[in-house]
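Secondary and tertiary structure notes
This is what each chain is made of:
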Number of protein chains: 2
Amino acid sequence: MSTSEDVGSAKGASVRIEERLARVGIAYVTEPGDPAVSKAVADFGAEAIWEGMLQWSGQRGLKAREYRPEAVLEGGLRQGLRYLVPGDDEWPRRLTDLANVVFRGFGGEPLGLWVKGSARLGELADFSVGMVGSRSCTSYGERQALELAHHVSDSGVSVISGGAFGIDAAAHRGAMSARTPTVAVLANGLDEYYPAGNAGLFERICEEGLLVSELAPGEHPTRVRFLIRNRLIAALSIGTLVVEGAARSGTQNTMNWASELGRVSMAVPGPVSSVFSYTPHELIRSGQAVLVTHGSDILELIAPGAPEPVRPEPARRRTDGLEPAALAVYEAIPAKGSRTVGELSAKLGFSVPKLLSCLGKLEEGQLVVKNPRGAWQLC
Amino acid sequence: MSTSEDVGSAKGASVRIEERLARVGIAYVTEPGDPAVSKAVADFGAEAIWEGMLQWSGQRGLKAREYRPEAVLEGGLRQGLRYLVPGDDEWPRRLTDLANVVFRGFGGEPLGLWVKGSARLGELADFSVGMVGSRSCTSYGERQALELAHHVSDSGVSVISGGAFGIDAAAHRGAMSARTPTVAVLANGLDEYYPAGNAGLFERICEEGLLVSELAPGEHPTRVRFLIRNRLIAALSIGTLVVEGAARSGTQNTMNWASELGRVSMAVPGPVSSVFSYTPHELIRSGQAVLVTHGSDILELIAPGAPEPVRPEPARRRTDGLEPAALAVYEAIPAKGSRTVGELSAKLGFSVPKLLSCLGKLEEGQLVVKNPRGAWQLC
């Protein structure tokens, strides 16, 4: 079906097929997010490490020797999956930041990424925002995720999220209702849709955007794999936004990754009476995240060079900018009825010249008018 | 009914009656919050300034000469009002900070304060928090004001607020449902209750706490007087909290006073979909206010020496603190069913000694247990 040179590779890639196969093999016998593995591969090269693993004695060596990376790549290709590795044109440049970050024992640049969809990962990631939050979010949180994702997508920013119910799904839906494709980073092999209830969503995502996973086809999600996956959402995007998250949630973990990586962290506040406001509020209070209420806030933070945000300005009062004396005169005239200069002078203790000067300014600003009887009333 | 020496004065005061009467007079012919008046009084003494005002020519001099400060003080006393001035034991020491702050043309330490109620203002203000927010608040905001005010009052902190419907009233009610009296600072003479709908509330407040105003009996509220009043709420308290505030609200003005005075500013977040969240969110985003979600947050900020706050801690997961290898083993055992050492070793690629070490740690933490068939299952 294809020569070995382009099995599972990205268009225009200059990576040796031996290197790609070695990475598939190493990923099989190790767990993702092990910084020691990433470092060994960076230091000695994937091919040398894989060669070493094939020499292992015992069960682990047997496991390595029984594995057929080429068959896995070809199987993936038949399912519409490609396997990206560092050096591919499509490899997102921001992922290299993971090489130097270890958080709670996990970290490292991924050995490779399985990708499904018609977009190019590097391009979508270049100008992107991570959006995370609770699976069991409230309708308030869902609404915010939809609106904010729609806004940034409409401005050409891709949304990167997971594949869970709740905020993840709302972020994808909101973004897909505008013009920029989204990226779903999953904690399982892309041959399966997890959760199955989001199968329709995943199919829509990879029509224009991408499904991405560090895990090979056939691999299942575990809690640790979700935590490991979170580092990819944080690393791929310019900044990450949390919409809702209960205490000690996976959301907090993603935001920790964003901080460790020096990414912009953002949080949407909510009612303090909701347990799902816990993580956003803690992040804002501690200064770890910036409070965000509108899509333009996000654009301002992740794209400072972009055109001015269109935050709606509060209406100005007509009396704004009045000097105190003129304001005092304005206040001294009742909403209904009128006041003569004499009455105003007596009430305020202002001299008549001062009063007339104030009334002149108010008249100029169309705030007061003299009625036919010579008394002043509000416009 | 009394000698001139104690007319309207506070118990234990050493202030001359001439000084007190002069301040009542000056307050009558000027507007409160005029920093030039406060400065002149500070520089030359109230008696000299009042003497000068009595010499004024024209309408203003007439107004001064027709006024009878002693009658006003006595009239106030008959209505249960006393007039405090700087130098009185009860004068709140924090008000002197106003002497050096001018904001939008207004400022200055008040010439005096009319007070109604059985508490002593200096004592209540010493350990107090300002609480402000929208008149037309939401039920969410009202609930937060009630709960937070109750919490701080229960800890011995007095709540200082205005007398409006909405957040002001909720703050007083919440605080009065606990043990510390409250202070309502009003923008009108204390002979009248404004708004009249809060008359019952005002009567309850001055049974144990205090009504306070810079304005003499007979004076009416204006918008400017509300803004001037706001500086007193900010100046009297250690810190001020905003619960809800729309854009360009008086609430924002109070928080500006708190900032100008170097007081702690605090804000309760809310749904971003509510217009009443505008002011709190802007203050938090800009770093002007600290995000607050619980009464203990307020105590922590205004009373750093006080006992540790009782913020509810999120429940810890039983797997918190496990090293990655042990966590991987834990995750590899299904919720239902069991796994043998051989199965786990094959799945994880761990050597048997490493695996047994992990299982030992998990067993110690009562996370896993060996069943009678020798396989491991979750506890």
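Residues numbered from 1 in each chain as written. Chains lettered and ligands numbered in written order. Predicted model: local features only at pLDDT ≥ 70, side-chain atom pairs only at ≥ 80, totals over all residues. Heavy atoms only, no water.

Turning our attention to the overall build of chain A. When helices and strands are counted, chain A shows 16 helices and 13 strands. Relative to the compact-globule value of 21 Å for 379 residues, chain A shows a C-alpha radius of gyration of 30 Å, a clear excess of over 25%. Dimensions of chain A, computed from the C-alpha atoms along their principal axes, are close to 105 × 40 × 35 Å. When the 379 residues of chain A are sorted by exposure, 56% land in the buried category. Sequence separation of at least 24 residues holds for 73% of the intrachain contacts in chain A that already meet a minimum separation of 6. Carbon and sulfur atoms form 51% of the exposed surface of chain A, whose accessible area is close to 16000 Å². (Helix = DSSP H or I, 4+ residues; strand = E, 2+ residues; numbered from the N terminus. Rg over C-alpha atoms; globule rule 2.2 N^0.38 Å. Buried < 20%, exposed > 50% of the residue type's maximum accessible area, 1.4 Å probe, protein only. Contact = heavy atoms within 4.5 Å. Areas by Shrake-Rupley, 256 points an atom, 1.4 Å probe, with all protein chains shown as cover.)

The next subject is the side chain of His281 of chain A. The topology assignment puts His281 of chain A in helix 12 (residues 278-285). Accessibility expressed as a relative area gives 3% for His281 of chain A, which makes it buried. Of the polar contacts made by the side chain of His281 of chain A, one reaches the backbone oxygen of Gly270 of chain A; its length is 3.1 Å. Residues contacting His281 of chain A, with those up to four places away along its chain left out, are Pro269, Gly270, Pro271 and Val272 of chain A together with Pro269, Leu291 and Thr293 of chain B. (Polar contact = N/O pair within 3.5 Å; in protein donor to acceptor, adjacent residues only side chain to side chain.)

Residues and elements named next belong to chain B. Ordered by their spatial adjacency, nine strands build an open sheet running 1-4-8-7-6-5-9-10-11, and the pairing between neighbours is mixed. Both outer strands of the open sheet, strand 1 (81-84) and strand 11 (290-291), are each paired with one neighbouring strand and no more. Here two bridges tie strand 6 (residues 158-161) to strand 7 (residues 183-186), and the two strands are oriented parallel to one another. What sits directly across from Ile160, in strand 7, is Val183. Running over the sheet, helix 7 (residues 139-154) touches strand 5 (128-132), strand 6 and strand 9 (239-242) and is turned about 175° from strand 5. (Pairing = 2+ DSSP bridges. Axes fitted to C-alpha atoms, helices over the stretch in contact; angles between N-to-C directions.)

Further remarks concern empty space enclosed by the protein. Residue and element names in this part refer to chain B. Taken as a whole and judged by the stated rule, the model has three cavities of 30 Å³ or more. The space that makes up the largest cavity amounts to roughly 120 Å³. Lining the largest cavity are 16 residues; nearest its centre among them are Ala27, Glu31, Pro32, Leu111 and Glu214. Taken together, the residues that form the lining of the largest cavity break down as seven nonpolar, four polar and five charged. Counted as a void, the second largest cavity has a volume near 40 Å³. (1 Å grid on protein atoms, 1.4 Å probe; cavity = no way out; pocket = protein on both sides within 12 Å on 5 of 7 lines; lining within 4 Å. Points joined across faces, edges and corners; volume = space filled by probe spheres on them. Nonpolar A, V, L, I, M, F, W, Y, C, P; charged D, E, K, R; others polar.)

Splitting chain A by domain gives domain 1 (80-302) and domain 2 (324-378). Taking only C-alpha atoms, the centre of domain 1 of chain A and the centre of domain 2 of chain A are 60 Å apart. (Domains from an automatic or database assignment.)

Okay, the packing of helix 7 (residues 139-154) of chain A against helix 8 (residues 167-176) of chain A next. All names here are of chain A. Their axes nearest at 7 Å, the elements helix 7 and helix 8 cross at an angle of 35°. Between helix 7 and helix 8 lies a crossing whose hand is right-handed. Together, Gly141, Glu142, Ala145, Leu146, Ala149, His150 and Ser153 of helix 7 and Ile167, Ala170, Ala171, Arg173, Gly174 and Ala175 of helix 8 make up the contact between the two elements. Classifying every residue of the contact of helix 7 with helix 8 by side-chain character gives seven nonpolar, four polar and two charged. (Left-handed = near helix turned anticlockwise from the far one by under 90°.)

Across the contact, 42 residues belong to chain A and 41 residues belong to chain B. Contact between chain A and chain B buries roughly 3700 Å² in total, counting both sides, with carbon and sulfur atoms accounting for 57%. Our count for the chain A to chain B interface comes out at four salt bridges. Residue Asp297 of chain A pairs with Arg285 of chain B through a salt bridge whose shortest N-O separation is 2.8 Å. Joining chain A to chain B, the criterion identifies ten residue pairs in polar contact (both at pLDDT 80 or more). Elements supplying a minimum of two residues to the side of chain A that touches chain B: helix 4 (58-66), helix 7, helix 10 (223-236), helix 12, helix 14 (324-332) and helix 15 (341-348) of chain A. A class-by-class count of the residues in the side of chain A that touches chain B yields 17 nonpolar, eleven polar and 14 charged. (Buried area = accessible area lost by both parts, 1.4 Å probe. Salt bridge = Lys/Arg side-chain N within 4 Å of Asp/Glu carboxyl O.)

Here we come to the relation of the copies chain A and chain B. The two copies are related by a screw motion: chain A maps onto chain B through a turn of 180° and a shift of 0.1 Å along the axis, at an RMSD of 0.2 Å. Taken together, the rotation angle and the small translation identify this as a two-fold axis. In this assembly, 98% of the residues forming the interface of chain A have copies in chain B that are likewise at the interface, indicating an isologous arrangement. (Least-squares fit on C-alpha atoms with pLDDT ≥ 70 in both.)

Before going further, it helps to spend a moment on the pattern of salt bridges. Tallied over the entire structure, the rule returns 32 salt bridges over all chains. The residue Arg263 of chain B makes a salt bridge to Asp97 of chain B at a minimum N-O spacing of 2.8 Å. Remark: Asp97 of chain B occurs in the loop between strand 1 and strand 2 (102-103) and Arg263 of chain B occurs in the loop between helix 11 (250-260) and strand 10 (264-267); sequence separation between them is 166 residues. Ionic contacts of the salt-bridge type, sharing partners, join the residues Arg16, Glu18 and Glu47 of chain A into one network.

The geometry of an aromatic ring pair comes down to the distance between the two centres and the angle between the two planes. Per the stated rule, a full pass over the model turns up ten aromatic pairs over all chains. Taking the centre distance of 6.3 Å and the plane angle of 40° together, the rings of Tyr194 of chain A and Phe226 of chain A count as tilted. You can see Tyr194 of chain A sitting in the loop between strand 7 (183-186) and helix 9 (199-208) and its partner Phe226 of chain A sitting in helix 10, a full 32 residues away along the chain. Take Tyr194 of chain A: its relative accessible area is 43%, and that puts it in the partly exposed class. Ring geometry for Tyr28 of chain B against Tyr67 of chain B: centres 3.8 Å apart, planes inclined by 5°, an arrangement best described as stacked. Taken together, the positions of Tyr28 of chain B in helix 1 (residues 17-29) and Tyr67 of chain B in the loop between helix 4 (58-66) and helix 5 (69-78) put the pair 39 residues apart, joining distant regions of the chain. Taking relative accessible area as the criterion, Tyr28 of chain B reaches 29% and is therefore assigned partly exposed. Owing to a relative accessible area of 12%, Tyr67 of chain B belongs among the buried residues under this scheme. In this structure, Arg60 of chain A packs its charged tip against the face of Trp56 of chain A, placed 4.0 Å from the ring centre. Its end group placed over the ring of Tyr28 of chain B, Lys63 of chain B keeps NZ or CZ at 5.1 Å from the ring centre. (Phe/Tyr/Trp six-rings, centres within 6.5 Å; stacked < 30°, edge-to-face > 60°. Lys NZ or Arg CZ within 6 Å of the ring centre and 35° of its normal.)

All names here are of chain A. With mixed pairing, the nine strands of this open sheet are ordered in space as 1-4-8-7-6-5-9-10-11. The open sheet terminates on both sides in strands that have one partner only, identified here as strand 1 (81-84) and strand 11 (290-291). Where strand 9 (residues 239-242) meets strand 10 (residues 264-267), four bridges bridge the pair, whose relative direction is parallel. Residue pairing in the sheet places Thr240 in a bridge with Ser265 of strand 10. Contacts from helix 7 reach strand 5 (128-132), strand 6 (158-161) and strand 9 within the one sheet, and its direction differs from that of strand 5 by about 175°. Of the strands in this sheet, strand 9, strand 10 and strand 11 touch helix 12, which is tilted by about 130° from strand 9.

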